[in-house]
Amino acid sequence: MWPRDDADHWVEMHALLKRPQVCLLLAFDGNIEIGFLEASIRYDYVNGTKTSPVAFLEGVFVQPSQRKLGIAKALINKAEAWAVDQNCKELASDTSLENIQSQKVHLALGFQETERVVYFSKQL
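In this text the structure is predicted, and so the values were computed from the model without any measurement.

Visitor: How should unusual backbone geometry be read in this particular structure?
Guide: The phi torsion of most residues other than glycine is negative, and most of the peptide bonds are trans. Here the residue pair Ser52 and Pro53 is connected by a cis peptide bond, since its omega of 0° sits within 30 degrees of zero. Mapped onto the elements of the fold, Pro53 is located in the loop between strand 2 (32–42) and strand 3 (54–62). A positive phi angle, near 65°, is found at Lys68, a position not held by glycine. Relative to the elements of secondary structure, Lys68 occurs in the loop between strand 3 and helix 2 (71–85). Lys68 gets classed as exposed once you look at its relative accessible area, which sits at 86%. For Asn87, which is not glycine, the phi torsion reads 65° and is therefore positive. With respect to the helices, strands and loops of the structure, Asn87 is situated in the loop between helix 2 and strand 4 (91–92).

This is the structure in structure tokens:
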């Protein structure tokens, strides 16, 4: 279901499944997968947060035909409960500057924008 479906992503997903503090949720309509959420616990600094550990929304996806039905909100609610059980006081997330749709969804799900960042790299 994830829009990115390449070999590197599969390797990344299998590595995540081996981590002890990962939340993976699936939403179904009958036997059909219609959405999922992936969250993890991060102990390193997470931009815009004040506490540690922090639950971090790694990704959420709902099939386009199933959007605006409350599925993402239900997945977020379950992830929030999981985060509280993990002794987290914050749920953080990120998206790219140009992904306006994701920014709107985050705001609709109760997130507040904390900062905008441009990353740099220099080859050595």
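Visitor: Honestly, the side chain of Thr49 in this entry has me stumped. Any pointers?
Guide: One can find Thr49 in the loop between strand 2 and strand 3. One polar contact links the side chain of Thr49 to the main-chain carbonyl oxygen of Val46, over a distance of 2.7 Å.

Visitor: Before we go on, may I ask you to explain the layout of surface pockets in this structure?
Guide: Gaps between atoms show up when a probe of the same size as a water molecule is rolled over them. Empty space within the largest pocket amounts to approximately 960 Å³. Around the largest pocket, the lining is made up of 34 residues, and of these Asn47, Ser93, Asp94, Gln112 and Thr114 lie nearest the centre. Counting residues per element, the ones that place at least two in the lining of the largest pocket are helix 2, strand 4 and helix 3 (100–108). In the lining of the largest pocket, the residues fall into 14 nonpolar, 11 polar and nine charged. Reported here for the second largest pocket is a volume of approximately 770 Å³. Taken together, 26 residues make up the lining of the second largest pocket; nearest its centre are Val60, Phe61, Gln101, Ser102 and Val105. Mapped by element, the contributors of at least two residues to the lining of the second largest pocket are strand 3, helix 2 and helix 3. For the lining of the second largest pocket, the element with the highest residue contribution is strand 3, accounting for six residues.

Thresholds, definitions, all that
Residues numbered from 1 in each chain as written. Predicted model: local features only at pLDDT ≥ 70, side-chain atom pairs only at ≥ 80, totals over all residues. Heavy atoms only, no water. Helix = DSSP H or I, 4+ residues; strand = E, 2+ residues; numbered from the N terminus. Buried < 20%, exposed > 50% of the residue type's maximum accessible area, 1.4 Å probe, protein only. Polar contact = N/O pair within 3.5 Å; in protein donor to acceptor, adjacent residues only side chain to side chain. 1 Å grid on protein atoms, 1.4 Å probe; cavity = no way out; pocket = protein on both sides within 12 Å on 5 of 7 lines; lining within 4 Å. Points joined across faces, edges and corners; volume = space filled by probe spheres on them. Nonpolar A, V, L, I, M, F, W, Y, C, P; charged D, E, K, R; others polar.

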